[in-house]
Amino acid sequence: MKRDAINEKVLKLLARFGSLDMRALVEEVSRVDAGAILQSGVLVDAQGKVQLGQVGVMEALLVMALGGKASITMPRSIEPVRDALILFLKLNNTDRFGYRADDRPERWAFRILDQLFSDFAQRKTLSVKDRLVLLHVSENPLWHAAFAYALQLYLQVMSRGNAFIQATDKPAMIATATAFRTAVEVRRAKIPKLKYGNPLAGFKEITEYAIGQYFDGQDLNDAMNQTLVQTQLGTGGEGGQERFKSFLDQNRITMEMFPTTASQLYSQVGSSIQFKHTEEEVSNVLYLFAKQINQQKQIEAMFANFAEAAFPVAAKCSKLMSFQGLQVNDAANLLARWMRESGALDDIRSADPRTRVEAVLETIGKDELTNLMAFRGGRTTTGDLTPAAVSQYVQGHVRMLTLNAVNQKMQRVQTALSSQMEAAEAFVARPGSAILKDMTFGVDEFFRTLRSVFRDIFEAADSNRQMQTRSLDEFKRKYGPLSTISVLVPRDPQMATGAWITHARKEIGQVSNYVFEKRMQRT
């Protein structure tokens, strides 16, 4: 059927929706730019999500129009059908995405999908590792089940709104705030108990004492001023005192630059640890929600199959794509079928082992890489995993969910404070200000000590997290980082863990050791 004839039939169907302004719709369709369907609002909604749900509904309508059976459950309401018809009409007005005379419904959908994933790859919205996981989802039942459940869970959580998400994330926020305050108290206990005016005190000791006063409530400016006054920096010579006072007045640090009191510091920390859509915080919220509805065993089964990488990819897909009009299971199944049958993942499907390994290595840290190299070299345990070993891994991962979320929040706090310290120091000692050499030394030393104190605080907070991850670290050293290995070489559901470990070691061993050593040098 020719395009014009198809358009005429679609317009007749849409005319039955009395609420539509047909003349305005025709004008809008005529302005569609095929080269910008991902930016023009045609295939993207107001939130920037690609309307894959509408494409899926339209594909099903086309299948039924040709006498076939739809692979999805059709929407109960009429709105998704109307929206899918409008989208089809717009796309059908372009040469690239129009429905051609020799087309089949799936071929039409695949052209859109190929363009979509090409765009995701170019913009690095979906990384090579993300698309490798999607390839496993399309080909491996274990990964498909993990992805489908994670997608369902994510959509359920997001549908409940920000207030619910914040409430679910609250334990991680409280844990982060507590860890920060505890680390501050630990560092305060090490601060010298010297008083201002002690002639035996060095400048660093006086500076640390002043910073301790800051944590006790003193204004940061007063703490810095006291340290500079203590050593009489910048006060020498005629008019020195006036020059010193003028310098301090002109260079007061404001709370917009850096928290000038402890109460402002804790207030900023509280703002920084609010929920963000990071991989770590999303994963933790999903698990806590699953616990609320007594479904944590499903997530633990995902860990037991070493398919937890499906978790963040499902969340990322949910942020990039709208599945409105589809049931959750249909959305996962449809996406998996599209990934399997279209050319959207052809570059990943045809990639050689080295390319895949290099992409995954870019996402792991030094400890994970060390364990992976030990696995590749045969220095980890072989044979089937015992139930006790798998349970150790699962429970370790469950604990890691909250710890990783806390760590992610703490990193935000550290990044914000570090950049603020640098900006405040640059302001106080900015080029062109009338500042004597000895004063420059004092300002440098004050901020150097301030950075050192906060660095100790964050290291203390992280050491507590590391202590709690020992059981999981022990598992990875003994058996290898099996979740990373599973991304490189997914386990067939029919294959025992021992056979899979042997097979994976052989596959990864085919990649040159140079690839791993090169990555290690950059960690």
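Here, every reference points to the structure presented above.
The text that follows walks through the structure, step by step, so that each part is easy to find. Everything numeric here is computed off the predicted structure, so don't read it as measured data.

Definitions and limits used
- Residues numbered from 1 in each chain as written.
- Predicted model: local features only at pLDDT ≥ 70, side-chain atom pairs only at ≥ 80, totals over all residues.
- Heavy atoms only, no water.
- Phe/Tyr/Trp six-rings, centres within 6.5 Å; stacked < 30°, edge-to-face > 60°.
- Helix = DSSP H or I, 4+ residues; strand = E, 2+ residues; numbered from the N terminus.
- Buried < 20%, exposed > 50% of the residue type's maximum accessible area, 1.4 Å probe, protein only.
- Lys NZ or Arg CZ within 6 Å of the ring centre and 35° of its normal.
- Salt bridge = Lys/Arg side-chain N within 4 Å of Asp/Glu carboxyl O.
- Expected span 1.5 Å × (residues − 1).
- Contact = heavy atoms within 4.5 Å.
- 1 Å grid on protein atoms, 1.4 Å probe; cavity = no way out; pocket = protein on both sides within 12 Å on 5 of 7 lines; lining within 4 Å.
- Points joined across faces, edges and corners; volume = space filled by probe spheres on them.
- Nonpolar A, V, L, I, M, F, W, Y, C, P; charged D, E, K, R; others polar.

**Notes on the packing of aromatic side chains**
- As enumerated under the stated definition, the model contains 14 aromatic pairs in all.
- Ring geometry for Phe117 versus Phe120: centroids 5.6 Å apart, planes at 75°, classification edge-to-face. With a gap of three residues between them, Phe117 and Phe120 both fall in helix H5 (residues 105-122), about one helical turn apart.
- By relative accessible area, which is 1% here, Phe117 ends up buried.
- Residue classification places Phe120 among the buried residues on the basis of a relative accessible area of 1%.
- For the ring pair Phe306 and Trp500, a centre distance of 5.8 Å and an interplane angle of 25° mean the geometry is stacked. Placement of Phe306 in the loop between helix H14 (296-304) and helix H15 (310-320) and of Trp500 in helix H24 (residues 497-509) is noted, with a sequence separation of 194 residues between them.
- Phe306 gets classed as buried once you look at its relative accessible area, which sits at 1%.
- Through successive ring pairs, a cluster of aromatic residues spans Phe306, Tyr393, Phe475, Tyr479 and Trp500.
- Between Arg181 and the ring centre of Tyr266, over which it is positioned, the NZ or CZ distance is 3.7 Å.
- When the ring centre of Phe375 is taken as reference, the NZ or CZ atom of Arg505 above it lies at 4.6 Å.

**Points about the pattern of salt bridges**
- Under the criterion given, the structure shown has 24 salt bridges.
- The shortest N-O distance in the salt bridge between Asp456 and Arg187 comes to 2.8 Å. Within this pair, whereas Asp456 is found in helix H21 (residues 437-468), its partner Arg187 is found in helix H8 (residues 162-188), the two being separated by 269 residues in sequence.
- Using a relative accessible area of 29% as the deciding quantity, one classes Asp456 as partly exposed.
- A salt bridge links Glu358 to Arg354; the nearest nitrogen and oxygen atoms lie 3.0 Å apart. Of this pair, Glu358 and Arg354 both sit in helix H18 (residues 353-361), four residues apart, which is roughly one turn of that helix.
- Judged by relative accessible area, which is 25%, Glu358 ranks as partly exposed.

**Details of helix H3 (residues 52-65)**
- In this model, H3 (14 residues) spans 20 Å end to end at C-alpha, consistent with the 20 Å of a helix rising 1.5 Å per residue.
- Buried residues dominate H3, accounting for 11 of its 14 residues.
- The set of residues buried in H3 consists of Leu52, Gly53, Gln54, Val55, Gly56, Val57, Met58, Glu59, Ala60, Leu61 and Leu62.
- In this fold, the buried residues of H3 make contact with helix H4 (79-91), H5 and helix H16 (328-341).
- At the exit of H3 stands Gly67, carrying a positive phi of roughly 90°.

**Digging into empty space enclosed by the protein**
- Per the stated rule, a full pass over the model turns up one cavity of 30 Å³ or more.
- Put simply, the largest cavity is a space of about 40 Å³.
- Gln51, Gln54, Pro80, Asp83 and Gln324 together form the lining of the largest cavity.
- Here the lining of the largest cavity is composed, by residue class, of one nonpolar, three polar and one charged.

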